[in-house]
Amino acid sequence: MGIYIFVIILLIYLIIKYDFRINSSHKDLIFRNYWANFLLLVFICIPTFSYKMGGDTMVYQNWFESELSTIDKFSFSDSRWEPLFVLLMSFVKTISNVWIFAHFIIIAFINCSVFSFAKRYVNNVFLFLLLYFVAYFYEYNFEPLRQSIAIGVFLYSLKFLENNSLLKFYVTITLAACFHFTALIAFIIPFLKRINYNFWVCVFLVVIAVSGTFINIYFQDALMQISFFTEGEAYSYYLGSDYIENKLNFVGVIFSIMIKVFPVLISYYLVRRAGIKTFPYINCLSLLFIVMVLLSTSVPILHRLSQFFGIFQIALYSDALFFNKKILSNIQPYCLSILRILIILTVSVNMYTYYNASNQYGLKNYQRCVPYTSIFTKKADPVRQKYLDL
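This text gives an overview of the structure that appears in the document. (Residues numbered from 1 in each chain as written. Predicted model: local features only at pLDDT ≥ 70, side-chain atom pairs only at ≥ 80, totals over all residues. Heavy atoms only, no water.)

1. Quick word on the packing of helix α5 (residues 99–121) against helix α8 (residues 145–162)
Helix-helix packing: each pair is described by the crossing angle between the helix axes and the interaxial distance.
And step 1. The interhelical angle for the contact between α5 and α8, taken along N-to-C directions, is 30 degrees, at an axis separation of 9 Å. The orientation of α5 with respect to α8, classified from their angle, is roughly parallel. Crossing angle aside, the handedness with which α5 passes α8 is left-handed. Contact residues: Trp99, His103, Ile106, Ile107, Phe109, Ile110, Ser113, Val114, Phe117, Arg120 and Tyr121 in α5; Leu145, Ser148, Ile149, Gly152, Val153, Leu155, Leu158, Lys159 and Glu162 in α8.
And step 2. Counted by class, the contact of α5 with α8 contains 13 nonpolar, four polar and three charged residues. (Axes fitted to C-alpha atoms, helices over the stretch in contact; angles between N-to-C directions. Helix = DSSP H or I, 4+ residues; strand = E, 2+ residues; numbered from the N terminus. Parallel < 35°, antiparallel > 145°, perpendicular 65-115°, else oblique. Left-handed = near helix turned anticlockwise from the far one by under 90°. Contact = heavy atoms within 4.5 Å. Nonpolar A, V, L, I, M, F, W, Y, C, P; charged D, E, K, R; others polar.)

2. Quick notes on the nonpolar core
The tendency in soluble globular proteins is for nonpolar side chains to be buried as a group.
And step 1. In this structure, Phe117, Phe154 and Phe309 are the most contacted members of the largest nonpolar core, which totals 114 residues.
And step 2. Ranked by residues supplied to this core, first place goes to helix α16 (residues 282–298) with 12 residues.
And step 3. Leaving out residues up to four positions away in the same chain, phenylalanine 117 has contacts with Val122, Phe128, Leu155, Leu158, Phe279, Ile311, Phe312 and Ala315. (Core = buried A, V, L, I, M, F, W, Y, C linked by side-chain atoms within 4.5 Å. Buried < 20%, exposed > 50% of the residue type's maximum accessible area, 1.4 Å probe, protein only.)

3. A few points about helix α1 (residues 2–19)
Residues spaced three or four apart along an α-helix point in a common direction, a consequence of the helix completing one turn every 3.6 residues.
And step 1. Relative to the 26 Å expected for 18 residues at 1.5 Å per residue, α1 spans 25 Å between its end C-alpha atoms, a close match to the ideal helical length.
And step 2. Among the residues making up α1, those that are buried are Tyr4, Val7, Leu10, Leu11, Leu14, Ile15, Tyr18 and Asp19. End-on, the buried residues of α1 take up no more than an arc of 145 degrees, which puts them together on one face. Residues of α1 that are exposed and point more than 90 degrees away from the buried face comprise Gly2, Ile9 and Ile16. (Expected span 1.5 Å × (residues − 1). Arc of directions from axis to C-beta.)

4. Regarding the environment of phenylalanine 279
And step 1. Inspection of the secondary structure assignment puts phenylalanine 279 in the loop between α15 (262–274) and α16.
And step 2. Between the C-alpha atoms of phenylalanine 279 and phenylalanine 312, which are 33 residues apart in sequence, the distance is 8.1 Å.
And step 3. Discounting residues that sit within four places of it in the chain, phenylalanine 279 has contacts with Phe117, Tyr121, Leu285, Phe312, Ala315 and Leu316.

Dropping the structure here:
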C-alpha cells in the first residue's frame, strides 16, 4: 500500500509544480523530463517485482514456466493464444526461463508506449499519469497482458495516422492483432475520420445504450462464438445474463451513462473549444470509447474493447481539467468551473463504483491490487490467494 501512496503523493506534487505552471523555463522542462523518466522506472518496477498479483498474470506465469517451449522446439500449436505473443515469449524463454525477465519485457514495453504517448500528445503529463495510475495501471500491467501489448503497438501506430500513412498504420495494427485480436477494432478508425458529434450521433449513442441488453439476451449464442470461452463461470460472467436479469435496469443504465459517458463528452467539448492540440482522430477515438462503454454495460465481454480506448479517455480528462488558453471567451468562468467539477465528481464516482464492485468470485476490485505484495518478501495476500486458487 505504501508504494501506491508514494506514487500518488509524488504525482500530485509534480502536477502542482509543472502542469499548473503557466510559464515554464528551460530548467523546468529538464526536470520535468527527469521526473517523467523516474516515474517510468517506478511504473515498470511495481508490476515486475510483484508477487501473486493479477489472475491473468499468474496464468501467463504458469504457462511460461510449465508449458511453453523454447525457440528450438517452438510450434504455434503449443498455445491457444495469438501467434506473435507465443513467438515472443518462446524467444524470451530461450534467453531465460525466469518469469520475472519475461514479465519485465512486457511491462517495460507497455509503460514505455503509454509514457511516449503522454509526452507526444498530452499537455498535462503528470495529471495524465495520475489518472492512468488510478484507472488503468492495474488492468494494463497485471491482467490481460496480451491485450496490453496490442494497445502499446496501437499507440505507436498513431503517428502513422497523424501523418496519414494508412498503409503503415494497417501493417502496424495487423501486428498488434497478432498479439491480441481486439486490435482489429482499430481497422475502422480511418473510416471515421470525418465523424463529428451532432444530433444523429447522439441518437446513435442512445440506440446503442438501449440495444445492449437486447443483444445480450437474444444473441448469446452468437456472442459465444466470438468470445472464445467455454461453458462455465467465465461464459456466464462475460456474457452477463445473470447481471442483466438481476442487476441491470433503466436507472442503472442512466447512472452508468452519467458517470462514464458525460465526462468524456464534456471533456471533448472543452478541449475542442479551447483549441488544444491533442491526439489525432480525437473525435472517432473518443466516440469508439463511448460506444464500447455503453455496450459493455450490458455485454460485459466488450469491456476489453473499452479498455483498448481507455488511454484516450484519460488524455481528454487531463487536458480538460486544466489549460491556460483563454479561448473560451463566450463561456463564463463559473460555467467552466462547474463543468470541471462535474468531470471530477463523475470520474470519482466511477472509480469508487469500479473498485468497490466484486467479480464473479466475490473479490472486490480493490482487493486485486491492495495490499501490494513483492517477490522480496514472497508473502501472498490470503484474500487474494483464494481468488487465484479458483
